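Okay, here's what each chain looks like letter by letter:
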Amino acid sequence: MTQLPAAPKQPEQPEQPEQPAQGALKPSDSSRALYGGKSTRRITVRDIAAAKERGEKWPMLTAYDALTASVFDEAGIPVMLVGDSAGNCHLGYETTVPVTLDEMTMLSAAVVRGTSRALIVGDLPFGSYQEGPVQALRSATRLIKEAGVGAVKLEGGERSHRQIELLVESGIPVMAHIGLTPQSVNAMGYRVQGRGDEAAAQLLRDAKAVQDAGAFAVVLELVPAELAAEVTRVLHIPTVGIGAGPETDAQVLVWTDMLGLTAGRVPKFVKQYVNLREVMAGAARSFAEDVIGGTFPQEEHSVH
């Protein structure tokens with residue numbers, strides 16, 4: 001009987017890596033972990049939406065320059081806001097109202113250059129979108145094209161619905177901002193928003209309006225914690241709290257408040273993690289004393 005040739009030897013199959021448990025975060029996949037992810041690609045609004053779905057809380061800080069932004073990027077902060085709060089913190093204005101689009105474009109571009117992973121959100125300053133959707137699109141386009149931000153932020157709920165809608169339709173992600181809106185300080189002052197049944201109902205309408213318009217997230221500023229928790233429960237987009245209690249999806253602080261650079265009183269909702277103002281002042285005094293006393297520079301600081 002003719003012997004059949006042996007079947008060709010099948011190549012060994014590589015061992016399959018063990019699959020992570022369902023819902024487990026992959027440390028190297030930034031789409032599965034906003035804070036602490038290892039991927040160097042930019043965080044996107046899709047990552048933000050995914051974090052909401054799995055209940056992951058995340059931090060956001062303001063940034064206004066490349067150096068500070070690079071420190072926060074290295075620390076893993078997934079979202080940075082180039083806020084018009086730069087007017088108070090860096091430009092010497094009493095409020096955010098005088099900040100211009102030119103200034104926001106310059107600051108936003110610096111933050112983008114200083115980062116590689118964080119989603120950078122550029123603020124649309126007062127007067128750059130209030131005229132209507134077309135003005136908002138023109139202003140947002142500058143931040144996207146000239147500064148390179150990944151999203152923009154604007155204030156207002158129902159009153160900004162049309163602006164948000166056109167920006168989103170045009171491919172520009174929008175973070176909304178309701179509650180205390182600092183650009184309206186001349187009309188509302190600095191006080192808690194949403195107290196009382198009527199005010200709470202209006203804030204809920206504003207939250208739903210920005211979500212319906214297509215915003216990918218909404219900042220809730222100086223809102224009673226219970227109301228912020230209700231808004232967070234009702235919306236399918238993430239809420240970002242600042243003075244809005246612990247139940248929002250994310251928290252944001254102005255970095256100069258958080259690091260103790262702000263002089264005088266700071267809002268109740270600020271947690272100061274270090275007194276950098278004191279550290280910097282001490283270093284400046286030590287430098288001055290060394291110069292006056294002739295102990296700086298010394299030989300190791302000199303060239304020949």
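Okay, so let's go over this structure. Quick caveat, the model's predicted, so the values are computed rather than measured. (Residues numbered from 1 in each chain as written. Predicted model: local features only at pLDDT ≥ 70, side-chain atom pairs only at ≥ 80, totals over all residues. Heavy atoms only, no water.)

1. Structural notes on the pairing of strand β1 (residues 58–62)
1) Next: The element β1 is largely enclosed, with a buried count of 4 among its 5 residues.
2) Next: For β1 and strand β8 (residues 250–253), the ladder comprises 4 bridges, and the chain directions are parallel. When the bridges of β8 are listed, methionine 60 appears paired with valine 252.
3) Next: With 3 bridges joining them, β1 and strand β2 (residues 79–82) adopt parallel strand pairing. Looking across to β2, one finds that leucine 61 is bridged to methionine 80.
4) Next: Read as a crossover between parallel neighbours, the route from β1 over helix α2 (residues 66–74) to β2 is right-handed. (Buried < 20%, exposed > 50% of the residue type's maximum accessible area, 1.4 Å probe, protein only. Helix = DSSP H or I, 4+ residues; strand = E, 2+ residues; numbered from the N terminus. Pairing = 2+ DSSP bridges. Right-handed = clockwise from strand over helix to strand, strands pointing away.)

2. As for helix α1 (residues 45–54)
The periodicity of an α-helix, 3.6 residues per turn, causes residues three or four places apart in sequence to face the same way.
1) Next: Every buried residue belonging to α1 is among Asp47, Ile48, Ala51 and Lys52, and all of these are buried. Buried residues of α1 fall within an arc of 145 degrees about the axis and therefore sit on the same side. The exposed residues of α1 that point more than 90 degrees off its buried face are Arg46 and Glu53.
2) Next: In this fold, the buried residues of α1 make contact with β1, β2, β3 (119–123) and α9 (225–234). (Arc of directions from axis to C-beta. Contact = heavy atoms within 4.5 Å.)

3. As for the pattern of salt bridges
1) Next: Per the stated rule, a full pass over the model turns up 7 salt bridges.
2) Next: A salt bridge links aspartate 102 to arginine 142, with the nearest nitrogen and oxygen atoms 2.7 Å apart. Here the residue aspartate 102 occupies a position in helix α4 (residues 101–113), and arginine 142 occupies one in helix α5 (residues 133–147), the gap between them amounting to 40 residues.
3) Next: On the basis of relative accessible area, arginine 142 is assigned to the partly exposed category, the value being 26%.
4) Next: In this structure, glutamate 146 and arginine 142 form a salt bridge, with 3.2 Å as the shortest nitrogen-oxygen distance. Placement of the pair is glutamate 146 and arginine 142 together in helix α5, with a separation of 4 residues, close to one helical turn. (Salt bridge = Lys/Arg side-chain N within 4 Å of Asp/Glu carboxyl O.)

4. A short note on the nonpolar core
Most often, soluble globular proteins have nonpolar side chains that are buried together.
1) Next: Judged by nonpolar contacts, the single largest core of 55 residues is most densely connected at Val152 and Leu167.
2) Next: A total of 6 residues in this core trace back to one element, the largest contributor, which is α4.
3) Next: In this structure valine 152 touches Val121, Gly122, Leu124, Ala140, Leu143, Leu167, Ile172, Pro173, Val174 and Met175, once residues within four positions along its chain are discounted.
4) Next: With 19 residues, the next largest nonpolar core counts Trp58, Leu81, Leu119 and Met175 among its residues. (Core = buried A, V, L, I, M, F, W, Y, C linked by side-chain atoms within 4.5 Å.)

5. Considerations on the sheet that holds β8
1) Next: Taken together, 8 strands build a closed barrel; the order of strands is β1-β2-β3-β4-β5-β6-β7-β8 and the barrel is parallel. Each strand axis lies, on average, 25 degrees off the axis of its neighbour in the sheet, ignoring direction.
2) Next: Pairing between strand β4 (residues 151–155) and strand β5 (residues 174–179): 4 bridges, direction parallel. Opposite valine 152, over in β5, you have valine 174 as the bridge partner.
3) Next: Against the sheet, helix α8 (residues 197–213) contacts β5 and β6 (217–221), and its axis sits at roughly 175 degrees relative to β5. (Axes fitted to C-alpha atoms, helices over the stretch in contact; angles between N-to-C directions.)

6. Remarks on α2
1) Next: The complete set of buried residues in α2 reads Thr68, Ala69, Ser70, Phe72 and Asp73.
2) Next: Where the residues of α2 are buried, they touch β1, β2, α4 and α10 (255–258).
3) Next: Of the residues one or two after α2, glycine 76 is the one with positive phi, at around 95 degrees.

7. A closer look at the packing of aromatic side chains
1) Next: Following the criterion strictly, the structure yields 2 aromatic pairs and no others.
2) Next: Taking 6.1 Å as the distance between ring centres and 70 degrees as the angle between the ring planes, the aromatic pair formed by phenylalanine 72 and tryptophan 255 counts as edge-to-face. Placement of the pair is phenylalanine 72 in helix α2 and tryptophan 255 in helix α10, with a sequence separation of 183 residues. As far as burial versus exposure is concerned, phenylalanine 72 and tryptophan 255 are alike and both buried.
3) Next: On the numbers, 6.0 Å between centres and 65 degrees between planes, the contact of phenylalanine 287 with phenylalanine 296 is edge-to-face.
4) Next: Judged by relative accessible area, phenylalanine 296 falls into the partly exposed class, the value being 34%. (Phe/Tyr/Trp six-rings, centres within 6.5 Å; stacked < 30°, edge-to-face > 60°.)

8. What about the environment of arginine 191?
1) Next: Inspection of the secondary structure assignment puts arginine 191 in the loop between α7 (185–188) and α8.
2) Next: With 10 residues separating them in the primary sequence, arginine 191 and threonine 181 have C-alpha atoms 9.9 Å apart.
3) Next: Those residues within four positions of arginine 191 in sequence are excluded, and the remaining contacts are Leu180 and Leu222.
4) Next: A polar contact is formed between the side chain of arginine 191 and the backbone oxygen of methionine 188, at a distance of 3.1 Å. (Polar contact = N/O pair within 3.5 Å; in protein donor to acceptor, adjacent residues only side chain to side chain.)

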